[in-house]
Amino acid sequence: MKRGNKGYLFILPYFLAFLVFQLYPIIYTVILSFQRPITLIDMEFAGLENYRRLLTTPIFFRAIGNTWYIWMVNFVPQIVISVFLAVVLSEGRFRGREVLRTLYFLPNLVTAASIGVLFAVLMDWRFGTLNQVLLQLGVLAEPINWLQMPRVAQGTVSLIQWWQWFGYTTIIFMAGLSAISEDLYEAAYIDGAGRFQVFHLITLPLLRPTMLYVLVTSLIGGLQIFDIPRVLTNGRGAPDNALTTMVLYLYNQAFHFFNVGYAATVALFLFFMILVFSVILYVLLNRDPESARMARAARRRMRT
Amino acid sequence: MKRVLMVAMILIAASAGVSAGGRQETAPAAAAAAPGELAGRIVVWSFTDEVGQMIEPFNQVYPNIEVEFVVIPTDGEAYLNRINNAMRSRAATPDVFTGERAFFRQFIDSGFWEPLSGAPYNAEALVGDLVEYVTELSRDGQGQISALSWQATPGALFFRRDIARDVLGSDDPAVVSEWTSSLERYYELGEMIRDHYNAERFLLSGYMDMQEFVYNQRTAPYVQGSRLTIPASLVEFMQVARDMRQNRVEAGASTWSPPWFSSMADGSVFSYILPTWGLHYVMKPNAEPDAHAGNAEFRGDWGLAVPPAPYSWGGTWIGVSRHSRQKDLAWAFVEFVGSNPEFHELWARSTGDFVSNTQVLARIKDEFSDPFLAGQNHYQFFYDQVQEIDVSFIGPWDLQIQNAWGDQVELYVNGQKSIDQAIADFEVAVRDFLPNVTEVVVER
């Protein structure tokens, strides 16, 4: 063997694993998407039937809408609060900030399924803590079946997601903040910039790469949300499919309704949707002229 | 001691050739062989651990068949996936596996289990001694028996005796049954309980508890060809459920939710609608956990009454894998567990489970008395109920259809949509998993 070829041996294990565990399943998913079930395990060729069905099924579109809604309602406040907390915890030299940072991060260590069960018990309409407290305080005269109200159920999932992830996002932003040179802030303050100006013109523009990372990873995770809706609704996506997210829909088609072919079609759609939106986000946040312009503007203002 | 005696009984019966009962001469050499001559190792998969307790009695009769038992939970569809993968790859393991009522019809339609009616198994010879619906439900498209079961699961209604005494003046199951055996009177009883206790006690923990007997009130399968029919009884159930909620006849808990379980112990609920397994696996451990754990005596607060309509719920079937390479050994296990009268008697006496062998049921039904039920004979009760069960309308998609219907009932009960909207949304939901259904008929 030529010496120059030996390097291939070292990269071979990765490629073998990639072929077996990643590329093959993707190709097989594409093949499955053209099949329909005869029995639990036997399939037959179905042409484009699954794709036609996918594009004419109202519940699937509902699932897409639900997933985006749940993600947006969780993500927007998460970004705002996390950036705020990151700035406060990074700048402030007060006692106990390490403890706070740990406390914020703790929910991220609890499994989503446990949190789902916890909220299902808290929000139970007859015996749940929330209704009991509201009844005791006289806010309610009759218990409200919160989890049967579509918007409340979706809001609950968003809240759980927010609670689970805001600490993690805060820490990521703190890491991003620590990479910003202190000199810039110092120069800005010497030049008479206010706190808001510094935040708006230095912190935010320079947090852009961190923001991009948070946004893309949150989008990928958020569009694949599955565990909490499944636990809260026992896999049914109730009330009225308000918690049927794309992956829950996919899972139910494959494992409750035994239609692996159609589920594969949903999976491919989900894959391309995440891909397209990740690219869009990347392009939007990485527009060089824009960031260059903002950086120039920031520098100019600091000099004046 | 009782257990040892029973095992000894099985041994004696086996040596007399009783366990081979009814087998025809067409049986293969291996299957016709004396139990002691069958030797080898089989693998059994199940989602429930009770099968593991059957190995010891089995080995008393078949000492040379080693059984490796694997429990795979049904949570997250883990069990279904394992079975599907094994069948897809035509794996020789497992030799024997179980299926639950909720999905075992899918196994049968997919041909996962060996058909057992013909030679060399000749399971038809066993049918006369088994509860009819148990074998009828396991027939495949060609009418062949695909699996057996050690149990039958007729339904009942568990009631709280103190509430019955307060409201009806008697806790005699016969008196209570007069009020629980029709839906109209049952509802009326609910209003009486509400009025008696100022709406602090309820007829049911949740209206959903009634679903099983409502769904069993059909005469035809939901899906016939490309047409799906919802009978009028299901629409009536929607209305009754809403009335119950609005009139505070039920407590608003979902079946299997934590409040549902806790209301068994707090005395606030009059009745639970559960089948045979509900007594030992649901009621006892939740209503009287200390007594169930052996730390106290049962108080005898509960009784059994006739539900508004007969029903069966759940049950586990066991069959020989189509791809097993030791079908003679596998069949020996399935036949023993699913029909052997001595084993069924042992099983009934040691676990209290309601077994499927009618000869055994007839022989032992008078001997039971459960302290949890204040000495009431649940076996006799279930024996009477099992005669009423009709399963001719059961199909492979029942669970999914009923779940979709139940989701809409809940939204209607909560006042979130009209009955017409609920029915329209049900049609959308059902087409999502039954794409070949072109017509949905809801009888009203």
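The rules we used
Residues numbered from 1 in each chain as written. Chains lettered and ligands numbered in written order. Predicted model: local features only at pLDDT ≥ 70, side-chain atom pairs only at ≥ 80, totals over all residues. Heavy atoms only, no water. Helix = DSSP H or I, 4+ residues; strand = E, 2+ residues; numbered from the N terminus. Rg over C-alpha atoms; globule rule 2.2 N^0.38 Å. Buried < 20%, exposed > 50% of the residue type's maximum accessible area, 1.4 Å probe, protein only. Contact = heavy atoms within 4.5 Å. Areas by Shrake-Rupley, 256 points an atom, 1.4 Å probe, with all protein chains shown as cover. Lys, Arg positive; Asp, Glu negative; His and termini not counted. Charge placed at Lys NZ, Arg CZ, Asp CG, Glu CD. Core = buried A, V, L, I, M, F, W, Y, C linked by side-chain atoms within 4.5 Å. Phe/Tyr/Trp six-rings, centres within 6.5 Å; stacked < 30°, edge-to-face > 60°. Lys NZ or Arg CZ within 6 Å of the ring centre and 35° of its normal. Salt bridge = Lys/Arg side-chain N within 4 Å of Asp/Glu carboxyl O. pLDDT = per-residue confidence, 0-100. Buried area = accessible area lost by both parts, 1.4 Å probe. Polar contact = N/O pair within 3.5 Å; in protein donor to acceptor, adjacent residues only side chain to side chain. Nonpolar A, V, L, I, M, F, W, Y, C, P; charged D, E, K, R; others polar. 1 Å grid on protein atoms, 1.4 Å probe; cavity = no way out; pocket = protein on both sides within 12 Å on 5 of 7 lines; lining within 4 Å. Points joined across faces, edges and corners; volume = space filled by probe spheres on them. Domains from an automatic or database assignment. Pairing = 2+ DSSP bridges.

What follows covers the overall build of chain B. Of the regular secondary structure elements, chain B holds 21 helices and 11 strands. The C-alpha radius of gyration of chain B comes to 23 Å, within 12% of the 22 Å expected for a compact globule of 444 residues. Seen through its principal axes, chain B has C-alpha atoms that stretch 70 × 55 × 35 Å. Each of the 444 residues in chain B was classed as buried or not, and the buried ones make up 59%. Expressed as a percentage of contacts within chain B between residues at least 6 apart in sequence, the contacts between residues at least 24 apart total 74%. Surface exposure of chain B reaches about 16700 Å², of which carbon and sulfur atoms provide 48%. Taking the average place of the 32 positive charges on the side chains of chain B and the average place of its 58 negative ones, the gap between the two points comes to 3 Å.

Of all hydrophobic cores here, the largest spans 192 residues; its most connected members are Phe107(B), Met210(B), Leu274(B), Phe333(B) and Trp405(B). Phe119(A), Trp146(A), Val157(A) and Leu232(A) belong to the second-largest nonpolar core, a separate cluster that totals 16 residues.

With that settled, the discussion passes to the packing of aromatic side chains. In this description, a pair of aromatic rings is defined by centroid distance and the angle of the planes. In total, this model carries 56 aromatic pairs over all chains according to the counting rule given. Taking 5.2 Å as the distance between ring centres and 70° as the angle between the ring planes, the aromatic pair formed by Phe271(A) and Phe272(A) counts as edge-to-face. By relative accessible area, Phe272(A) is classed as partly exposed at 46%. Judged by centre distance (5.6 Å) and plane angle (80°), the rings of Trp260(B) and Tyr272(B) are edge-to-face. Of the two residues, Trp260(B) sits in helix α13 (residues 258–265) while Tyr272(B) sits in strand β8 (residues 269–275), which places them 12 residues apart along the sequence. Residue class for Tyr272(B) comes out buried when judged on its relative accessible area of 0%. Chaining the aromatic ring pairs together yields one cluster made of Phe47(B), Tyr79(B), Phe97(B), Phe103(B), Phe104(B), Phe107(B), Phe112(B), Trp113(B) and Trp317(B). The ring of Tyr69(A) carries Arg151(A) above its face, with NZ or CZ at 4.2 Å from the centroid. Here the basic side chain of Arg201(B) rests over the ring of Tyr197(B), its NZ or CZ set 4.6 Å away from the ring centre.

We now examine unusual backbone geometry. Residue and element names in this part refer to chain B. With omega at 5°, the peptide bond leading from Thr-93 into Pro-94 counts as cis. Within the element layout of this structure, Pro-94 appears in the loop between α4 (78–88) and β3 (96–100). A cis amide bond links Ala-119 with the next residue in sequence, Pro-120, at an omega value of 5°. For Pro-120, the position within the fold is in the loop between α5 (104–109) and α6 (124–127).

Let's shift gears to the pattern of salt bridges. All names here are of chain B. Overall, the coordinates contain 29 salt bridges over all chains when judged by the stated rule. Between Glu-114 and Arg-322 there is a salt bridge whose closest N-O contact spans 3.6 Å. In this pair, Glu-114 is assigned in the loop between α5 and α6 and Arg-322 in the loop between β10 (316–320) and α16 (327–339), connecting sequence segments 208 residues apart. Looking at Glu-114, the relative accessible area reads 14%, which means it is buried. Residues Arg-139 and Glu-124 are paired through a salt bridge, measuring 2.7 Å at the closest nitrogen-oxygen approach. Here the residue Arg-139 occupies a position in the loop between α7 (132–136) and β4 (155–160), and Glu-124 occupies one in helix α6, the gap between them amounting to 15 residues. Since its relative accessible area comes to 17%, Arg-139 is described here as buried. A relative accessible area of 33% places Glu-124 in the partly exposed class.

When pLDDT is averaged across chain A, the result is 88; 93% of the residues are at 70 or more. For chain A, the element scoring lowest by mean pLDDT is helix α14 (residues 288–303) of chain A, at 58; helix α2 (residues 49–55) of chain A scores highest, at 94.

The subject of this paragraph is the interface of chain B and chain A. Interfaces are often described in size by the accessible area the parts lose on coming together. Across the contact, 38 residues belong to chain B and 30 residues belong to chain A. Taking both partners together, chain B and chain A bury about 2800 Å²; carbon and sulfur atoms supply 53% of that area. Broken down residue by residue, the surface that chain B buries against chain A is led by Glu77(B), Arg88(B) and Asp432(B), which jointly contribute 19%. Summed over the shared surface of chain B and chain A, the result is 4 salt bridges. Of the charged contacts, one joins Arg236(A) and Asp407(B) as a salt bridge, the two residues approaching to 2.9 Å between their closest N and O atoms. At the junction of chain B with chain A, the criterion picks out 15 residue pairs in polar contact (both at pLDDT 80 or more). When residues of the side of chain B that touches chain A are traced back to their parent elements, those giving at least two are α4, α5, α13, α20 (398–413) and α21 (419–433) of chain B. Partitioned by chemical class, the residues of the side of chain B that touches chain A number 15 nonpolar, 11 polar and 12 charged.

This next bit is on the environment of Thr255(B). Residues and elements named next belong to chain B. Summarising the element assignment, Thr-255 is placed in the loop between α12 (232–246) and α13. It is 40 Å that separates the C-alpha atoms of Thr-255 and Ala-125, two residues lying 130 residues apart in sequence. Residues contacting Thr-255, with those up to four places away along its chain left out, are Met-208, Asp-209 and Trp-260. Separated by 2.7 Å, the side chains of Thr-255 and Asp-209 make a polar contact.

Attention now goes to the confidence of the model for chain B. Mean pLDDT for chain B: 89, with 93% of residues reaching 70 or above. pLDDT under 50 marks residues 1–31 of chain B. Its contacts with residues more than four places away, or in other chains, come to 46 contacts.

What follows deals with empty space enclosed by the protein. All names here are of chain B. Overall, the coordinates contain 1 cavity of 30 Å³ or more when judged by the stated rule. Estimates place the volume of the largest cavity at around 30 Å³. Residue lining of the largest cavity: Gly-206, Tyr-207, Met-208, Arg-245, Glu-250, Gly-252, Ala-253, Ser-254 and Glu-410, and that is the complete set. A class-by-class count of the residues in the lining of the largest cavity yields 3 nonpolar, 3 polar and 3 charged. Viewed by domain, the lining of the largest cavity spans two of them, domain 2 (155–203 + 250–311) and domain 3 (207–246 + 397–444), each represented by three or more residues.

Before going further, it helps to spend a moment on the sheet that holds strand β6 (residues 223–224) of chain B. Residue and element names in this part refer to chain B. Across the sheet, which stays open at both edges, the 3 strands sit in the order β6-β7-β11 with mixed pairing between neighbours. Each having just a single partner strand, β6 and β11 (439–442) make up the two edges of the open sheet. By the bridge criterion, 4 bridges tie strand β7 (residues 227–230) to β11 in an arrangement that is parallel. Across the sheet, residue Arg-227 finds its bridge partner in β11, namely Glu-439.

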